[in-house]
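Summary of structural features
These are the residues of each chain, in order.
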Amino acid sequence: MKKNILCPAFLKTLLTGVILTTFLSFTQAADAVADGIFNVRAYGAMGDGTNLDSAGIDQAINAAAAAGGGTVLVPPGTYLSGSIHLKSNIHLLIDAGATILGAPQDLNVYDETEPYSLGGYQDGGHCFFHNSLIWGENLTNVFITGNGMINGGGLVRSDRVLDRMVGFKTPGLVDTNSVPTGPVRLGNKAICLKLCRNVLIRDVTIFHGGHFAILVTGCDNMTVDNVTMDTDRDGIDIDCCRNTMVSNCRINSPNDDGLCPKSSFALGEQRPTENLTIVNCQVSGFEEGTLIDGTMKPSRSHNGRIKFGTESSGGFRNCTVANCTFRSCRGFALEEVDGALMDNITVNNLTMIDVPDYAIYITTGERNRTPNLTTNSQAHNILISNVIADGVGKMSGIQVMGLPGHPIDGVRLENIRITSNGGGTAENAAATPKELGTGYPEPGKIGVLPAYGIYARHVKDLELANINVSFITNDLRPAAAFVDVHGLVIDNLKPQVAAGVSAAVFADNVSGVSVRNSPTVKSPDR
């Protein structure tokens, strides 16, 4: 007769193993939620850069949300991921040494585009939000921090298929023969938040962020602080947001805009971007990746910049920009071209080096990407002070251009020093720049201006104080030119001018001119 193999000794060993395994499981679970911290490794994420970890990260987020909130820890490692879904009351902490890596497109692990039927009044990238690496919608208390990295990896910069899906450029008219019959999986944003409240993004580094490293739309009470973005297209777009602070950020974006407030029609309403503070930031246009590695190689496109617009259906109000640097990129731009109001804008303490096209660009236009529009684009109450720009391209120094019959109203520029590369010709000086009209607001589409320092047209109540403009290569254009300007004060303008060239020229339709402390500027007799 054979003995029963389930002898007491074996049963004791088996029972001990079960107890130990159960204890370890409980211990690991306890470790996963110790002090409100949910470690993604405890929920299946491996961090080896090969296995797909987004499901494990999502499980940790879901567990934290089920517990009422907490910190989801991404420890050191490389976490290959598709779409990661944020929830309310979650702190996503990407630790030093940790990288969330965007998966290749052919894995089909980014969420499908959601339904959208509001018309293509902005490009497709602004119309879809779910096809992102990290995203959340209608959330409260969202925090993304840590000294780790978000590497977009497989995120794409081009989204023409999305443009066709919404009828971009022909709003409301979709070419059904050239668009997909259903949603698409096209991961093109690193972080995307829509209609969220109480948001903090701090300390992380974002590399290769797709079309947008950060896109925030319709968010309220948001802080973005000490974030480095080194990316191929837009750095951060702040669209239709209120009560936002962006501080201490470094944004390199050679092929598109760096820090870009907008007010598109993506939410189906004219919602302004307002109560915005941008402070202590650096923007540049070096080759992608060379800000992070420190080599800072100049790029051919050298875009970068801080730009308000172009999407501007809702307008901008009560915004301030201060203590920012521009390097190897375009200058500062204020653009209201979609029929709304830009009002109460202050800009202070900017320094620029090697800005190829212009230093300061203020414009209104009639592109009018807004449905049922009954108003004209307007810009009022703008103050820009304490600006130094060196290595400014031949095209222009400062441009202020309103619309015929609808002037930009109430602009003061003070304490500004601009050094142009120069090289303007007499032919450039004699040119009459075309009106922007319905065109895209970019100085390059208008071309070299007839004044190398300041050009103002269709402006009311323009004040210029303590402005010094000069050139490196001899320039045969005047330092300043004014057309259809009414109420012009020039105080202490110090221009460099070539022999035989006037310091400033005034068209016949300029009125109400006051010139003080500017001996080289001859006031017109009006």
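Residues numbered from 1 in each chain as written. Predicted model: local features only at pLDDT ≥ 70, side-chain atom pairs only at ≥ 80, totals over all residues. Heavy atoms only, no water.

This part is about the overall build of the chain. Across its full length, the chain holds 4 helices and 34 strands. Looking at the chain as a whole, 56% of its 526 residues qualify as buried. Across the chain, every contact between residues at least 6 apart in sequence was considered, and the portion connecting residues at least 24 apart equals 72%. If you sum the accessible surface of the chain, you get close to 20,700 Å²; carbon and sulfur atoms cover 51% of it. The centroid of the 40 positive side-chain charges in the chain is displaced by 2 Å from the centroid of its 51 negative side-chain charges. (Helix = DSSP H or I, 4+ residues; strand = E, 2+ residues; numbered from the N terminus. Buried < 20%, exposed > 50% of the residue type's maximum accessible area, 1.4 Å probe, protein only. Contact = heavy atoms within 4.5 Å. Areas by Shrake-Rupley, 256 points an atom, 1.4 Å probe, with all protein chains shown as cover. Lys, Arg positive; Asp, Glu negative; His and termini not counted. Charge placed at Lys NZ, Arg CZ, Asp CG, Glu CD.)

So, on to the packing of aromatic side chains. Per the counting criterion, the structure on display carries 7 aromatic pairs. For the pair Y121 and F265, a centre-to-centre distance of 5.5 Å together with 75° between the ring planes defines the contact as edge-to-face. Placement of Y121 in the loop between strand 7 (98-102) and strand 8 (134-137) and of F265 in the loop between strand 20 (257-262) and strand 21 (273-279) is noted, with a sequence separation of 144 residues between them. Across the pair, F265 and Y121 agree in class, each one buried. Note on Y452 and F471: the rings are 5.2 Å apart at their centroids and 80° apart in plane angle, and the pair reads as edge-to-face. In this pair, Y452 is assigned in the loop between helix 4 (426-430) and strand 31 (454-473) and F471 in strand 31, connecting sequence segments 19 residues apart. One aromatic cluster is present, formed by F308, F316 and F332 through successive ring pairs. (Phe/Tyr/Trp six-rings, centres within 6.5 Å; stacked < 30°, edge-to-face > 60°.)

The element strand 17 (residues 234-239) is extensively covered by neighbouring structure, given that 6 of its 6 residues are classed as buried. By the bridge criterion, 5 bridges tie strand 14 (residues 212-217) to strand 17 in an arrangement that is parallel. Paired with I214 across the bridge in strand 17 is I236. In terms of strand pairing, strand 17 meets strand 20 through 4 bridges, oriented parallel. Looking at the pairing, D239 lines up with K262 of strand 20. (Pairing = 2+ DSSP bridges.)

What follows deals with the pairing of strand 18 (residues 242-247). When strand 15 (residues 220-225) meets strand 18, the two strands line up parallel, connected through 5 bridges. Opposite T223, over in strand 18, you have M245 as the bridge partner. Here 5 bridges tie strand 18 to strand 21, and the two strands are oriented parallel to one another. Looking across to strand 21, one finds that T244 is bridged to L276.

Geometry only, nothing functional implied.
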